[in-house]
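Architecture at a glance
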2 protein chains.
Amino acid sequence: MSGSKGGESRGYHHGNLREALMKAALELIAERGPSGATFAEAARRAGVSPAAPYRHFRDREELLAAVAAAGFERFAEALLKGWDRGRPRPAEAFERMGRAYLDFARTHAADYVAMFESGIAVEGNAALQQASQRAFGVLREAAEAVVADMPGPVRPPALMVALHTWALAHGVASLFGRADAARRKVPMSPEDLLEAAFLVYLRGLGAPQA
Amino acid sequence: MSGSKGGESRGYHHGNLREALMKAALELIAERGPSGATFAEAARRAGVSPAAPYRHFRDREELLAAVAAAGFERFAEALLKGWDRGRPRPAEAFERMGRAYLDFARTHAADYVAMFESGIAVEGNAALQQASQRAFGVLREAAEAVVADMPGPVRPPALMVALHTWALAHGVASLFGRADAARRKVPMSPEDLLEAAFLVYLRGLGAPQA
DNA sequence: CCGCTCATGTGAAAAGGGCTTACATCACAG
DNA sequence: CTGTGATGTAAGCCCTTTTCACATGAGCGG
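Now for a description of the structure that goes with this document. (Residues numbered from 1 in each chain as written. Chains lettered and ligands numbered in written order. Predicted model: local features only at pLDDT ≥ 70, side-chain atom pairs only at ≥ 80, totals over all residues. Heavy atoms only, no water.)

1. Quick look at the interface of chain A and chain B
Of the residues lining the interface, 37 residues belong to chain A; the matching set on chain B comes to 37 residues. Across the chain A to chain B interface the summed buried area is about 3000 Å²; carbon plus sulfur atoms make up 75%. Three residues, L163, R184 and V200 of chain A, lead the burial of chain A against chain B; their summed loss comes to 17% of the area buried on that side. Across the contact surface, chain A and chain B share zero salt bridges. Scanning the region where chain A abuts chain B turns up six residue pairs in polar contact (both at pLDDT 80 or more). Those elements that place two or more of their residues in the side of chain A that touches chain B are helix 5 (109-116), helix 7 (158-176) and helix 8 (190-205) of chain A. (Contact = heavy atoms within 4.5 Å. Buried area = accessible area lost by both parts, 1.4 Å probe. Salt bridge = Lys/Arg side-chain N within 4 Å of Asp/Glu carboxyl O. Polar contact = N/O pair within 3.5 Å; in protein donor to acceptor, adjacent residues only side chain to side chain. Helix = DSSP H or I, 4+ residues; strand = E, 2+ residues; numbered from the N terminus.)

In structure tokens:
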């Protein structure tokens, strides 16, 4: 009797065990942290025997890598939507993308943990590395547009701007932006904190004032 | 050193088990990540039975909290040393403190993991919270001095500057500054990346140019 | 329709390791 | 010398991982 979530067939074969395991792993990460995502428990939640997962993932690490890769895909989409091709102006869209970043880290906390705090090596999995680079590509594209929109004679390298943006957003999300118990309390919302940081940073670059 | 390092001739009692456990936990974090710091293995490395640690720590979490608290103490010292009371100038000292931050995250990687990625709740332990706040106090003190040194009529709130600094440094350290396998490769050193970010940020604040 | 085939899931069990309860030992004060 | 609390031990319990032979049924060619 597998969990009848959508009225699927629940005979001998699960039908979509791979995705069910990934979903269970996400829930486990949310409940118990990255190390709590155990192979056996994921199988239990999917309603299959402890040996079944081995038909879909070589080991626990491969499961986590798949979860992280899926997370990066969703992450890239979220950033892309926030950026919205830089409309109406790059600087404005940039801040909106920052909010999308924080929003993702909060509403998809388990994905974010899998992506950045599960201790998996990004280089180990081709699909994971590709997904990760696709997400960073959005940041980089946004940075390019922001830099290109700047007036000054000397424009900062877009790659550096993208890296700074990533570090800033990741730092704010990690330290202050989690619903987690590890969240530090500060007298500002993470969104406001990040927005203010972007404003200061962009001004320091010589960007046009909003 | 109070610990008898070469004293294999320990009798029934260890003599300094508490510190030995904390040291072992640090090594385990360095070798296997935060979840690898298991209670039993720490005991094994200290040369005692798996139940002995319970005489010194209520559970695994309390051990990790103690390790993290000790890490924050060392961290605060490192930042304080880097800041060096803002000499010769606040802006210069500020960057030096940033390098001290990255240096600590690298040379004391296990401490840093215990402090920020072990999933412990800072609020749960009074000593831990105190140590954490002491470390942040250094950041805040430095931010105060930097802001006070600024000329403009409108000075940014020092707390915000401190939080931005922390987020930036933590972001750079987490994403690019680890010797870990999870480190992302970028065409700049973490130190240069952070220094550049500081320069841009301080310029955005209206700080005097170096 | 039939029957083969293989991907997928089962059940059991070994191996390994961490956690914890009852008991043993030591240090020290009176 | 002896009682007592602090400290460490031994052993059992439970969970996870992993592998093996075996069961199921969906899909395919005929």
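2. Remarks on the packing of helix 4 (residues 90-107) of chain A against helix 8 of chain A
For any two helices packed against each other, the geometry is given by the interaxial angle and the distance between the axes. Residue and element names in this part refer to chain A. Contact geometry of helix 4 with helix 8 gives a least axis separation of 10 Å together with a crossing angle of 145°. Considering only the axes of helix 4 and helix 8, their crossing is right-handed. Here F94, E95, G98, R99, L102 and R106 of helix 4 come into contact with helix 8, specifically with P190, E191, L194, E195, F198, L199 and L202. The class makeup of the residues in the contact of helix 4 with helix 8 is seven nonpolar, one polar and five charged. (Axes fitted to C-alpha atoms, helices over the stretch in contact; angles between N-to-C directions. Left-handed = near helix turned anticlockwise from the far one by under 90°. Nonpolar A, V, L, I, M, F, W, Y, C, P; charged D, E, K, R; others polar.)

3. Details of the protein's contact with DNA strand C
Neighbouring residues of DNA strand C: 21 residues in total, closest S49, R55 and H56 of chain A together with R44 and Y54 of chain B. For DNA strand C, a phosphate oxygen lies 3.4 Å from a polar atom in the backbone of A40 of chain B. Here R44 of chain B contributes a side-chain N or O atom positioned 2.7 Å from a phosphate oxygen of DNA strand C. Split into classes, the residues belonging to the surface near DNA strand C amount to eleven nonpolar, seven polar and three charged. (Near = heavy atom within 4 Å.)

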